[in-house]
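One-letter residues, chain by chain:
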Amino acid sequence: QVQLVESGGGLVPPGGSLRLSCAASGSIFNISYRAWYRQVPGKQRELVAAISRGGSTSTADSVKGRFTISRDSAKNTVYLQMNSLKPEDTAVYYCYALTVPDGSNIWGQGTQATVSS
């Protein structure tokens, strides 16, 4: 089993920055893919950024050029650096991992990021 714990959310003004962290524990060698999603009330959870086991990354068009996903393999931690934040980035951000070979979807508990003046 894999467990994910997020940290780093908070309240920032427009234009500010936050860095979210997602630490993995347990059977980490089974993780093939990690990502960040976000969700606002009444809307579907949306993919923000992802990183593969090989290190390939991708980001959603809505955050491209502002958000960066990275990882520290020694710490089993994935980060989401969020710059130039906008009010529409306000959401609960969830860390996600896909494990193999069982194909389990693992979610963290979520962390709130609020962008407001």
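Let me begin by describing the structure that accompanies this report. It should be emphasised that the depicted structure is a prediction, and the values quoted were computed from it without experimental measurement.

### Some details on the pairing of strand β5 (residues 46-52)
A regular strand places its side chains on the two faces of the sheet in alternate fashion.
Okay, step 1: Note: strand β4 (residues 31-39) against β5, six bridges, orientation antiparallel. Each bridged residue has a counterpart across the sheet, and for Tyr33 the counterpart in β5 is Ser52.
Okay, step 2: Hairpin geometry of β4 and β5 is characterised by an intervening segment of six residues between the two adjacent antiparallel strands and by a positive phi of about 85 degrees at Gly42.
Okay, step 3: Two elements, β5 and strand β6 (residues 57-59), share three bridges in a ladder whose sense is antiparallel. Across the sheet, residue Ile51 finds its bridge partner in β6, namely Thr57.
Okay, step 4: Counted along the chain from β5 to the antiparallel partner β6, the turn is four residues long, and its residue Gly55 has a positive phi close to 100 degrees.

### Regarding the pattern of salt bridges
Okay, step 1: The final tally for this structure, using the stated rule, is three salt bridges.
Okay, step 2: Residue Glu46 is joined to Arg38 by a salt bridge in which the shortest nitrogen-to-oxygen separation is 2.6 Å.
Okay, step 3: Exposure remark for Glu46: the relative accessible area of 34% places this residue in the partly exposed category.
Okay, step 4: By relative accessible area, Arg38 is classed as buried at 7%.
Okay, step 5: One connected set of salt bridges, linked through shared partners, spans Arg38, Glu46, Arg66 and Asp89.

### Describing the state of the cysteines
Okay, step 1: A complete count under the given rule lists one disulfide for this structure.
Okay, step 2: Here Cys22 pairs with Cys95 through a disulfide, and the sulfurs are 1.8 Å apart. In this structure the cystine formed by Cys22 and Cys95 twists about its S-S bond by roughly -80 degrees; its chirality is therefore left-handed. Linking Cys22 in strand β3 (residues 18-26) with Cys95 in strand β9 (residues 91-99), this pair joins segments that are 73 residues apart in sequence.

### Some words on the packing of aromatic side chains
Okay, step 1: This structure, assessed with the given rule, holds five aromatic pairs.
Okay, step 2: Aromatic pair Tyr37 and Trp107: ring centres 5.0 Å apart, planes at 65 degrees, arrangement edge-to-face. Linking Tyr37 in strand β4 with Trp107 in strand β10 (residues 105-107), this pair joins segments that are 70 residues apart in sequence.
Okay, step 3: Judged by centre distance (4.9 Å) and plane angle (55 degrees), the rings of Tyr96 and Trp107 are tilted.

### Examining the environment of Ser84
Okay, step 1: Turning to its location among the elements, Ser84 is positioned in the loop between β8 (77-82) and β9.
Okay, step 2: Between the C-alpha atoms of Ser84 and Gly15, which are 69 residues apart in sequence, the distance is 4.2 Å.

### Digging into the sheet that holds strand β1 (residues 2-7)
Okay, step 1: Within the open sheet, the four strands sit side by side as β1-β3-β8-β7. Their pairing is antiparallel. Where the open sheet ends on each side, the last strands, each with one partner, are β1 and β7 (67-72). When strand polarity is set aside, the average angle formed by the axes of neighbouring strands in this sheet is 20 degrees.
Okay, step 2: One ladder, built from six bridges, connects β1 with β3; its direction is antiparallel. The residue of β3 that forms the bridge with Val5 is Ala23.

The rules behind these values
- Residues numbered from 1 in each chain as written.
- Predicted model: local features only at pLDDT ≥ 70, side-chain atom pairs only at ≥ 80, totals over all residues.
- Heavy atoms only, no water.
- Pairing = 2+ DSSP bridges.
- Helix = DSSP H or I, 4+ residues; strand = E, 2+ residues; numbered from the N terminus.
- Salt bridge = Lys/Arg side-chain N within 4 Å of Asp/Glu carboxyl O.
- Buried < 20%, exposed > 50% of the residue type's maximum accessible area, 1.4 Å probe, protein only.
- Disulfide = S-S within 2.5 Å.
- Phe/Tyr/Trp six-rings, centres within 6.5 Å; stacked < 30°, edge-to-face > 60°.
- Axes fitted to C-alpha atoms, helices over the stretch in contact; angles between N-to-C directions.

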